[in-house]
Amino acid sequence: MSTNNSTEDDEPKLPHGIVFQDIERTAGEEDDGQDKDQAETSTRFGSLCWPNFLSTIKEGDADDNRSKKGNPKWYQKLIDAGIEENGIQPVPLEGRTSTQYNQLFTVFFTGLLCLLPIPTGMLATLEFGLSLRDASLVIVFFALLTCLPPAFMGIGGMETGMRQFVQARYSFGLYLVIIPLLLNAATITGFTLMSAIAGGQTLAAINPSHVSINVGIVITCLVAFGISLLGFNFVHLWERWTWIPNLIALVITVGCGGRYLHLQSQPAAPATPAQILNLGSLMAGYFITFGGMVGDYSIYHNPRGVLSKSFSARARIFTYLYLGLFLPSVPLFILGAAIGGAVPQVPAWQAAYASTGIGGVMMEMLAPAGGFGKFVLVVLALSVIGNIAISMYTISLNLEMLMPPLPFKLRVHRFVFILVTMAVMIPMAVRAAKKWETSLINFLSIIGYWSACFDVVLILELVVFRRMDYATFDQAIWNVGRELPPGLAALGASMLSWALVVPGMAQSWYVGPIAKSTGDIGVEVAFVLTGLFYLPLRWLEIKIRGRF
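Residues numbered from 1 in each chain as written. Predicted model: local features only at pLDDT ≥ 70, side-chain atom pairs only at ≥ 80, totals over all residues. Heavy atoms only, no water.

Focus: the nonpolar core
- Membership of the largest hydrophobic core comes to 133 residues, with the highest contact counts inside it found for Phe-108, Leu-279, Tyr-297, Ile-339, Trp-349 and Met-362.
- No other element matches helix α14 (residues 313–342), which puts 14 residues into this core.
- Ranked by size, the runner-up nonpolar core spans 12 residues in total, among them Ala-284, Tyr-449, Ala-526 and Leu-529. (Core = buried A, V, L, I, M, F, W, Y, C linked by side-chain atoms within 4.5 Å. Buried < 20%, exposed > 50% of the residue type's maximum accessible area, 1.4 Å probe, protein only. Helix = DSSP H or I, 4+ residues; strand = E, 2+ residues; numbered from the N terminus.)

Focus: the packing of aromatic side chains
- Overall, the coordinates contain 23 aromatic pairs when judged by the stated rule.
- Between Phe-109 and Trp-243, the aromatic rings sit 5.9 Å apart at their centres with planes inclined by 75°, giving edge-to-face as the arrangement. Highlighted residues: Phe-109 in helix α3 (residues 103–112) and Trp-243 in helix α12 (residues 243–257), separated in sequence by 134 residues.
- For Phe-109, a relative accessible area of 13% translates into the label buried.
- For the ring pair Phe-191 and Tyr-286, a centre distance of 5.7 Å and an interplane angle of 80° mean the geometry is edge-to-face. You can see Phe-191 sitting in helix α9 (residues 178–206) and its partner Tyr-286 sitting in helix α13 (residues 273–287), a full 95 residues away along the chain. (Phe/Tyr/Trp six-rings, centres within 6.5 Å; stacked < 30°, edge-to-face > 60°.)

Some points on the pattern of salt bridges
- With the rule as written, the count across this model stands at 7 salt bridges.
- The residue Asp-134 makes a salt bridge to Arg-133 at a minimum N-O spacing of 3.1 Å.
- What makes Arg-133 exposed here is its relative accessible area of 61%.
- Between Arg-538 and Glu-541 there is a salt bridge; the shortest N-O distance is 2.8 Å. One end of the pair, Arg-538, and the other, Glu-541, are both in helix α22 (residues 522–545), 3 residues apart, so they sit about a helical turn from each other. Summarising the burial analysis for this pair, Arg-538 and Glu-541 share the class buried.
- Here the salt bridges do not stand alone but share partners, grouping Glu-461, Arg-466, Arg-538 and Glu-541 into one network. (Salt bridge = Lys/Arg side-chain N within 4 Å of Asp/Glu carboxyl O.)

With respect to the packing of α9 against helix α10 (residues 213–230)
- Close contact between α9 and α10 brings their axes to 7 Å; oriented N to C, the two are set at 120°. The angle between α9 and α10 falls in the class oblique. Where α9 crosses over α10, the handedness of that crossing is right-handed. Across the interface between the two elements, Ala-196, Ile-197, Gly-199, Gly-200, Gln-201, Leu-203 and Ala-204 of α9 pack against Ile-213, Gly-216, Ile-217, Ile-219, Thr-220 and Cys-221 of α10.
- Its residues placed into classes, the contact of α9 with α10 shows 8 nonpolar, 5 polar and no charged. (Axes fitted to C-alpha atoms, helices over the stretch in contact; angles between N-to-C directions. Parallel < 35°, antiparallel > 145°, perpendicular 65-115°, else oblique. Left-handed = near helix turned anticlockwise from the far one by under 90°. Contact = heavy atoms within 4.5 Å. Nonpolar A, V, L, I, M, F, W, Y, C, P; charged D, E, K, R; others polar.)

A look at the confidence of the model for the protein
- Per-residue confidence for the protein gives a mean pLDDT of 81; residues scoring 70 or more make up 79%.
- Between residues 1–58, whose pLDDT stays under 50, and residues either more than four places distant or in other chains, the model counts 120 contacts.
- For the stretch residues 405–410, pLDDT sits under 50, and the model shows 21 contacts to residues farther than four places along the chain or on other chains. (pLDDT = per-residue confidence, 0-100.)

Some thoughts on α14
- Between its first and last C-alpha, α14 extends 44 Å over 30 residues, near the 44 Å set by a 1.5 Å rise per residue.
- Of all the 30 residues making up α14, 21 are buried; the element is thus mostly covered by neighbouring parts of the structure. (Expected span 1.5 Å × (residues − 1).)

Side note on the packing of α3 against α14
- Running from amino to carboxyl end, α3 crosses α14 at an angle of 15°, the nearest separation of the two axes being 8 Å. Classified by the angle their axes make, α3 and α14 are roughly parallel. In this structure, α3 meets α14 at a crossing whose hand is right-handed. On α14, the residues that touch Leu-104, Phe-105, Phe-108, Phe-109 and Leu-112 of α3 are Ile-317, Tyr-320, Leu-321, Leu-323, Gly-324, Leu-325, Leu-327, Pro-328, Ser-329 and Leu-332.
- Classifying every residue of the contact of α3 with α14 gives 13 nonpolar, 2 polar and no charged.

So, empty space enclosed by the protein
- All chains considered together, the criterion is met by 5 cavities of 30 Å³ or more.
- If you add up the space inside the largest cavity, you get close to 140 Å³.
- Around the largest cavity, the lining is made up of 13 residues, and of these Gln-164, Gln-167, Leu-458, Leu-462 and Phe-473 lie nearest the centre.
- Top element by residues in the lining of the largest cavity is helix α19 (residues 436–465). It accounts for 4 residues.
- Here the lining of the largest cavity is composed, by residue class, of 7 nonpolar, 5 polar and 1 charged. (1 Å grid on protein atoms, 1.4 Å probe; cavity = no way out; pocket = protein on both sides within 12 Å on 5 of 7 lines; lining within 4 Å. Points joined across faces, edges and corners; volume = space filled by probe spheres on them.)

Quick word on the environment of Ala-506
- Summarising the element assignment, Ala-506 is placed in the loop between α20 (488–501) and α21 (515–518).
- Residues Ala-506 and Ser-281, 225 residues apart in the sequence, show an inter-C-alpha distance of 9.4 Å.
- The contacts of Ala-506, once residues within four sequence positions are left out, are Asn-278, Tyr-449, Val-511, Ala-515, Gly-519 and Asp-520.

Brief notes about unusual backbone geometry
- Even without a glycine there, the phi angle at Arg-467 is positive, about 50°.
- Along the polypeptide, Arg-467 turns up in the loop between α19 and α20.
- Overall, Arg-467 belongs to the exposed group, its relative accessible area being 71%.
- You will see that Met-468, though not glycine, has its phi angle at about 60°, which is positive.
- Looking at the element boundaries, Met-468 is found in the loop between α19 and α20.

A short note on the environment of Ile-244
- Positionally, Ile-244 belongs in helix α12.
- For the pair formed by Ile-244 and Leu-113, sequence separation is 131 residues and the distance between their alpha carbons is 9.6 Å.

Section: the side chain of Gln-475
- Along the polypeptide, Gln-475 turns up in the loop between α19 and α20.
- Judged by relative accessible area, which is 5%, Gln-475 ranks as buried.
- Within the structure, Gln-475 has its side chain in polar contact with the backbone oxygen of Val-91 (distance 2.9 Å). (Polar contact = N/O pair within 3.5 Å; in protein donor to acceptor, adjacent residues only side chain to side chain.)

Overview of the environment of Leu-532
- Here Leu-532 shows up in helix α22.
- Along the chain, Leu-532 and Ser-497 lie 35 residues apart, while their C-alpha atoms are 9.0 Å from each other.

Take a look at the structure:
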């Protein structure tokens, strides 16, 4: 693994006291004509840009140890206060010192203890026509199963010091990883849209004549933008405590409106396999996709820390991630299914749902609490901020990885990507809110297909080919394309599986010939077939290359 040393001598002075840092050199390299040319290039760029918006990354650089000399005082104070400056660069072992493993629980527990799972659960009874009992059983079973892959994958962030999609380069390669990277960014953006819509609908329900859903969406997104902008420590700090008001608000809401939840619509016929598998695909699309982001939140944790001889750091990371995904989501899914079954039986709820979606139903449930109920509704609306914040954080990392992987390149600061994400996300959320149920069903179902391919590739790469040896993920080659795998096996296995995924898909706009009789089995087929194809293809790839 290489070490970065910043050159601080003879730095060009720019107007208004701005200093642009010279190009970073890998330890042991000697100055030559090429370095001088690159240094001159960085100076020219520095004269046009803020010094910390742009920096240089050379092949093999692990962490971003930029000189403090070029930072403005106000900027350096923010860094010293704990605002994260690092982006996608791997964190060396000595930088992984945190033993607060329970952060991995709270960051997802708080992020998912919000409104988003409730309208998702409502689809089980309101759209798929399942009874509350059948919906609850399907939710619990598929959640128990599909929380396993992301919880296991989250260990890699701690062990390698790499973000999730940097780890993916060791299967998909430096260039072909861009395909799942774009899909992941789109997926997380979709989750952010759904959360923003739920929060916007709830704020609008407080006073529909003065606050529109669009305004509510903008408010929730702006607050989440501020949190994700501050970085890793502030995201964890926010998520560590804000679950408390979220939980209190949810309990009050159920306490006020729960007297109507027993009024459930009864399906005309027993649940069919197609209904069960369609809901199961929805649940898989919700949980499996976290495999593309869990590793982003454990890269600063100490892989050598132990609680006891039988409970290692790996076991703690897995347990906290699994419970952080499962515990908040499943009860809220079931609550949503109960609300969805009651909406057609309660005229006030039905009218409110047609007007302002889930926010209107929450307002009706809190109506007995009067003015205090409106305050609780504001808390519920703001509960989605934690979900949006972690989504924006990961999207910014994904977009940073899309920068051209050249020996000398510009690295745009992470907050620029967060700003771009917010600018794109708000109008998309406003558009998607007009067709809420259709947007949610199509999104959650489709994302599960590619996520299943991605998760199984990374799991098999680690378990079968690298034999659980995280040391084989050499940080020195994290951005060296010729040393990383070409990615043909990973991408080829994923693409081959789609020969049966497409016939097994069941969407509002397309139902495959297999799915017509079985229901949606696309996620299951994607996971199994990708794994079966990846084993021989990756073995052949390693055989030809003579190394990983």
